[in-house]
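# Summary of the model geometry
Here are the chains, one letter per residue:
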Amino acid sequence: MKSLQQTIQERILILDGAMGTMIQSYNLREEDFRGTQFADIPGLMKGNNDILSLTRPDVIKEIHTKYLNAGADIIETNTFNAQRVSMADYHVERYCRLINLEAAMIARQCADKFTAMNPDKPRFVAGSVGPTNKTLSMSPDVNNPAFRSLTFDELSDAYKEQMVALIDGGVDALLIETIFDTLNAKAAVYAAHEAMKQSGREVPIMISVTVSDIAGRTLSGQTLEAFMASMQHVNIFSIGLNCSFGAKQLKPFLETLSNKSSYYISAHPNAGLPNSLGQYDQTPEEMAEQVAEYVDEGLVNIIGGCCGTTEKYIELYSDIIKDKLPHVKGKVNNNLRLSGLELFEKSPEINFVNVGERCNVAGSRKFLRLINEKKYDEALQIARAQVEDGALVIDVNMDDGLLETKEEMVTFLNLIMSEPDIAKVPIMIDSSKWDVICAGLKVLQGKSIVNSISLKEGEEKFIEHAEFIKRMGAAVVVMAFDEKGQADTYQRKIDVCKRAYTLLVNKVGFNPNDIIFDPNVLAVATGIEEHDNYAVDFINATDWIKNNLPGAHISGGVSNLSFSFRGNNYIREAMHAVFLYHAIAKGMDMGIVNPATSIIYDDIPADILERIEDVVLNRRKDASERLIEIAEELRNKETGANGADKVAKDAWREGASVEDRLKYALMKGIIDYLQKDLDEALREYSKAVDIIEGPLMGGMNKVGELFGSGKMFLPQVVKSARTMKKAVEILQPYIEKSGSGKVKSAGKVLLATVKGDVHDIGKNIVSVVMACNGYDIIDLGVMVPAEKIVEVAKRENVDIIGLSGLITPSLDEMVHVAMELQNQGLNIPVMIGGATTSKLHTALKIAPVYGAPVVHLKDASQNSLVASKLLNPSQKDEFVNRLEQDYEELRKTGKKNSVGTVSLDEARKNSLNIWD
Ligand code: THG
């Protein structure tokens, strides 16, 4: 007999319909449910469908038989609620093993009977595992958001008991379904692994989520993409959606799963939406018509039904799938994926991920005090402020000798989960205590980062910890420590990291992209000569790791670097900016930092910069003394307590014109003085619009330039963009009052990721940055066919078209789009961007087929600048001429190498010279 794994490659499989709806039609009474076995159990038994496998097995058998007759390839056991947690409601928790065993055997017998009748159509049994009646990620008590009615361990134990019985009873797969809380699902997959180990048999794991709102989030608030990141560690056979809505409303979410995963896809929707009485009245024919769309569009491998469906619905499926091809599993890139409520994907466009360091009792006196005093609201405020300041991940550390470390970690993480504006980002669980890390992992539904493990206690512990982290689905920071201690030289750092990498990848099977090395940021300028080369060693080790340990990321606790300058925040922050500038250039892609920092490399005055670089790059023997000297001078200028902060913080305002202040505020993303400065500007300028087009735009252009040259990183750019938005909001009423209506649009821009490509991070960044620069954006999303681009470009009369793509086939598709534009006689400039695109390819392949300018852009910071040149009649010709000359040059030199052999880096280098 063919296995489930073989059969699914050949055709679309039919899953059965609802068990509950069918049971209802039998109008069973309390005695039916209770039987003789449970006569003495207190309370009501009616409604406990799962007990019927023991008390009315004839009914269950008949229902399975009806579905098998209707053509179901897979039937589900009658065990949706059959674990201790739910069964406790009926006081029958001690019968869980029996219920599951019996249910699995009934289904097994029914399926085998049908297989025997027609071996060409083998029938399978999926063990149904529901979400239980409790949720691990939310508090049932409104007054106590940190409270949970159940723990991860309790739930996974309950699931394990159920699953062992299902496997023992002979199921072909486990279907973890109607998932509304990812943490419950994580407990289920954890249990599945344990159950398979115990029963000695592996079965495929099928996952099915239910979305709770039309935005497509789970009840516990995750987006589907965040959910998939949380489940990335599981060897998933199929992923899908069930319950929630009818087939029609579920379709867009099914498309998300199909496009963004590499699993088989299942769907078992409800029979439409419930009416006001909670009944489902979509007819089998109506439902079949909607499900047929899934099939026709190649979205699914398994189709079935949930609430409201019966065998009448399922029997129509055979016709729908006849001669239709099953969904072909997608491919996903191997970027590091993390999640909170939302997905965070570290794509190549994101050059640096800043992890907020402030929720650390050892790193912030204020945070320590708040936790000590149990002022959790204020402590949460610190987390929120970091997210607002652009932190992409939040580090949480409760390691303090006088705190109940584990309890505080759990409480704080639970509290974060009830604050969507914080919980949207992934968490970094920071502790040197293993039990604290375990406890943290067991309360987070997202895919988190464990910070950290190391070889300091030897290989055995290291492997054991790594295996657990892998099973809990987290990424990991590995500190460059070993049995001898902290790796403090270049050679030690790379040796330890290499050893850890080999163990993780070869022994543990850890995903290399989930490994984040921390080669130890140690304090420099301490006066101890051995410390002088610490930053250089870190930077060089970073370079080595990037080139030798494929997939691994590099992080570090940046603020450690400047401990010797405690009290002098300006020097400290300037040192961090310098360090990051050099380390990011070598591939440091993550860092634990203070996200509120406002100092960027470029504004450090030359004399200070020189002395800091002397220290960081260890360029001269007396570097430390010279930096201390200048730091003292700075301090002497300060007045009063807290002077360091004050002077460094507000010095930029003194003596500066209102234009310069606005520009500065934009660059730094400081909103504190916007209202004040804009009020002042409004008195000076006759038109509010001029403030936007003058100083504000000037500031944004500067941001673009700095980003382009690696002196600002993405979160800072986004912060600037947000500040711009805020400024425009403040000015909007004045613009409206003056009658000039809206701010004059800088131009209308159509953006699209081309057909065949689903990547949109880069494009979305372009969209944000351009919108903040006053462009009207029409974003057509991903997988956009050429015809659609042409149609919308014409209809909306756009000024510029931006095409994005990340995968190689997108290059050809871009050529195709350009040809279509040409065929339709359009003359709209095109901007090209995305990881595989290059100036060389644009020059050789795209520009030649289209009459209007086609400009390749290196990153999102360039678009606004280039667009403004293209749309400004006085600049356009010169720009286009230079572009054409440049392309001509590239065509001459580039062809020699042929496109295929020019590396992306070379192509990138070539593209640097045009807009500077
Ligand atoms: N690597 C990894 N994790 C880490 C570190 C690391 N976690 C902790 C730490 N190092 C990174 N976090 C901080 C947080 C704050 C400070 C330094 C590192 C800091 N705080 C101020 C000080 O001590 O002077 C306190 C300021 C205040 O009280 O507000 O510098 O290296 N993997």
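Calculation rules
- Residues numbered from 1 in each chain as written.
- Predicted model: local features only at pLDDT ≥ 70, side-chain atom pairs only at ≥ 80, totals over all residues.
- Heavy atoms only, no water.
- Salt bridge = Lys/Arg side-chain N within 4 Å of Asp/Glu carboxyl O.
- Helix = DSSP H or I, 4+ residues; strand = E, 2+ residues; numbered from the N terminus.
- Near = heavy atom within 4 Å.
- Polar contact = N/O pair within 3.5 Å; in protein donor to acceptor, adjacent residues only side chain to side chain.
- Areas by Shrake-Rupley, 256 points an atom, 1.4 Å probe, with all protein chains shown as cover.
- Buried < 20%, exposed > 50% of the residue type's maximum accessible area, 1.4 Å probe, protein only.
- Pairing = 2+ DSSP bridges.
- Contact = heavy atoms within 4.5 Å.
- Axes fitted to C-alpha atoms, helices over the stretch in contact; angles between N-to-C directions.

## Thoughts on the pattern of salt bridges
Inspection of every chain in the model, using the stated rule, returns 54 salt bridges. Of the charged contacts, one joins Lys197 and Glu194 as a salt bridge, the two residues approaching to 3.7 Å between their closest N and O atoms. Of the two residues, Lys197 and Glu194 are both situated in helix H9 (residues 182-199); the distance of three residues between them amounts to about one turn of the helix. A salt bridge links Asp886 to Lys839, with the shortest nitrogen-to-oxygen separation between them at 2.2 Å. Separated by 47 residues along the polypeptide, Asp886 in helix H36 (residues 873-901) and Lys839 in helix H34 (residues 839-846) bring together distant segments of the chain. Salt bridges linked by common partners bring Arg29, Glu31, Asp32, Arg56 and Asp58 together as one network.

## Some words on the site of the ligand
Among the 18 residues in the neighbourhood of the ligand, the closest are listed as Asn451, Asp518, Asn560, Arg566 and Arg572. Here Gly557 contributes a backbone N or O atom positioned 3.4 Å from an oxygen atom of the ligand. Coverage of the ligand by the protein amounts to 84% of the 670 Å² it exposes when considered alone. Ranked by residues supplied to the shell around the ligand, first place goes to strand S11 (residues 353-360) with three residues.

## Notes on the pairing of S11
Burial analysis of S11 places seven of its eight residues in the buried class, which makes it a mostly covered element. Of the pairings in the sheet, the one linking S11 to strand S20 (residues 590-593) comprises four bridges and is parallel in character. Counterpart to Val355 in the pairing with S20 is Ile592. Pairing of S11 with strand S12 (residues 393-397), which is carried by four bridges, proceeds in the parallel orientation.

## Overview of the sheet that holds strand S2 (residues 74-76)
Strand order in this open sheet of eight strands is S1-S8-S7-S6-S5-S4-S3-S2, and the pairing throughout is parallel. Only two strands of the sheet have a single partner each, and these edge strands are strand S1 (13-14) and S2. When S2 meets strand S3 (residues 124-129), the two strands line up parallel, connected through three bridges. In the sheet register, Ile74 faces S3, and the bridge partner there is Phe124. In the packing of H9 onto the sheet, the strands contacted are strand S4 (173-179) and strand S5 (205-209), and the crossing angle to S4 comes to about 170°. Packing of helix H12 (residues 284-296) onto the sheet brings it into contact with strand S7 (264-270) and strand S8 (302-303), and relative to S7 it is tilted by some 165°.

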